[in-house]
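# Breakdown of the fold
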Amino acid sequence: MTGRGDELLAIARSAVDQGAELLSTADRGIVHTKNDRDYATDLDHRIQEHIRRYLADATPEFGFLGEEIGDGPPDSTGGYMWILDPIDGTSNFIHGLPLCAVSLALVRDGEPVIGVIAAPFLDLEYYAAAGQGACGNDKLITASNTKTLSRAIISIGDYAVGPDAEPKNKRRIALTAALAATVERIRMFGSAALDLAWVAEGRIDACVILSNKPWDTAAGVLIAREAGAVVLDSSYRRHSLDSRDTIAASPAVADQLVTLIERSS
């Protein structure tokens, strides 16, 4: 992170604030089918384009990747790239559920260095910069200190849709069964950004997302990590943009959780 860290965090927060304002006030427009049971609205595209233009003016030298369109995959060899999900939890949004958020990360050399998530229908904002801790609604947040899975509330990512959904969901259903036999409660919120932010805040003790799309996870991974959570993939490796899965947990239950995931696979 350069000496521009505070400036870049301010730019990211402003961009997400503008997107959150649109999310909470603008008409969703037409709902478009992207794939089997996967949708985007006109508002997804409107928010993305608004934020893209704002970031291009503020940081013209940086790349941009959005869920709906962008410059291509994150560059792990150098340089900065913004990664945006204009509405994380679009299905929730379409159905009037408040569990949706604008999620923006700044990545350098394949590592998120700034992350901002705003859930306007819940009046929540989370943000972090590498090495500076994580905040929720401008207060420092920390991951939980839960020590056993039997006392843990764990969220899981959505079941798969689209091509190859059936084999992917066999793994997810096996994981659900293993967790149901072990943890205090399972939750499915339908927003990876909120899964990770709520691990960071200690609202839940862990989340398991059996996928790793950078627009879904990059901001939340940094926020969770800066709040003291352990963020791994299912092979015990430190999570990266190339990971297969995204697992964030309070430090005391992380090893127990990965072992359980391995046994269920």
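Treat the numbers as computed from the prediction; the structure is a model and nothing was measured. (Residues numbered from 1 in each chain as written. Predicted model: local features only at pLDDT ≥ 70, side-chain atom pairs only at ≥ 80, totals over all residues. Heavy atoms only, no water.)

### Description of the overall build of the chain
What counts here: We count a stretch as a helix when DSSP gives it H or I for four or more residues in a row; a strand needs E for two or more, and each element gets its number in order from the N terminus. Here the globule rule reads 2.2 Å times residues to the power 0.38, and the radius of gyration is calculated from C-alpha atoms. Buried means the residue's accessible area, taken with a 1.4 Å probe over protein chains only, is under 20% of the maximum for its type, while exposed means over 50%, and partly exposed covers the values in between.
Secondary structure assignment for the chain yields seven helices and 14 strands. Taken over C-alpha atoms, the radius of gyration comes to 17 Å for the chain, in line with the 18 Å a tight globule of 265 residues would show. When the backbone C-alpha atoms are referred to their principal axes, the chain occupies close to 50 × 40 × 35 Å. The 265 residues of the chain split such that 54% are buried.

### Here we look at a nonpolar patch on the surface
For clarity, the threshold we go by: The patch calculation keeps residues exceeding 30% relative accessible area without a salt bridge and links them within 9 Å when they carry like charges or within 5 Å when they are nonpolar (Val, Leu, Ile, Met, Phe, Trp, Tyr). Only the protein chains shown count as covering a residue, and every accessible area follows the Shrake-Rupley method with a 1.4 Å probe. The term salt bridge refers to a side-chain nitrogen of Lys or Arg lying within 4 Å of a carboxyl oxygen of Asp or Glu.
Together, Tyr159, Ile173 and Met188 line one region of the surface with nonpolar side chains, adding up to about 280 Å² of accessible area. Positionally, Tyr159 belongs in the loop between strand S10 (153-156) and helix H4 (165-180).

### Re unusual backbone geometry
A positive phi angle, near 50°, is found at Asn137, a position not held by glycine. Relative to the assigned elements, Asn137 resides in the loop between strand S8 (134-136) and strand S9 (139-140). A residue is classified by how much of its surface remains accessible, and Asn137, at 37% relative accessible area, is partly exposed. Of note in this structure, Asp164 is not a glycine but carries a positive phi near 65°. Counting through the fold element by element, Asp164 comes out in the loop between S10 and H4.

### Observations regarding the sheet that holds S10
For clarity, the cut-off: Two strands pair if DSSP finds at least two bridges between them. Axes, fitted as lines to C-alpha atoms, cover a helix only where it is in contact. Angles between the N-to-C directions of the axes lie from 0 to 180 degrees. The contact rule is simple, with two residues in contact once any of their heavy atoms fall within 4.5 Å.
The strand order across the open sheet built from five strands is S11-S10-S12-S14-S13, with neighbouring strands paired in mixed fashion. Sheet topology places strand S11 (185-187) and strand S13 (230-232) at the edges, where each strand pairs with a single neighbour. Between one strand axis and the next, the sheet turns through 20° on average, direction left out of account. Sheet topology places strand S12 (residues 206-209) next to strand S14 (residues 246-249); four bridges connect them, and they run antiparallel. Of the residues in S14, the one forming a bridge with Ile209 is Thr246. Sitting on the sheet, helix H5 (residues 192-201) touches S10, S12 and S14, and the angle it makes with S12 is about 155°. Across the sheet, helix H7 (residues 251-264) is in contact with S10, S12, S13 and S14; its angle to S14 comes to roughly 145°.

Purely geometric stuff here, so don't read any function into it on its own.
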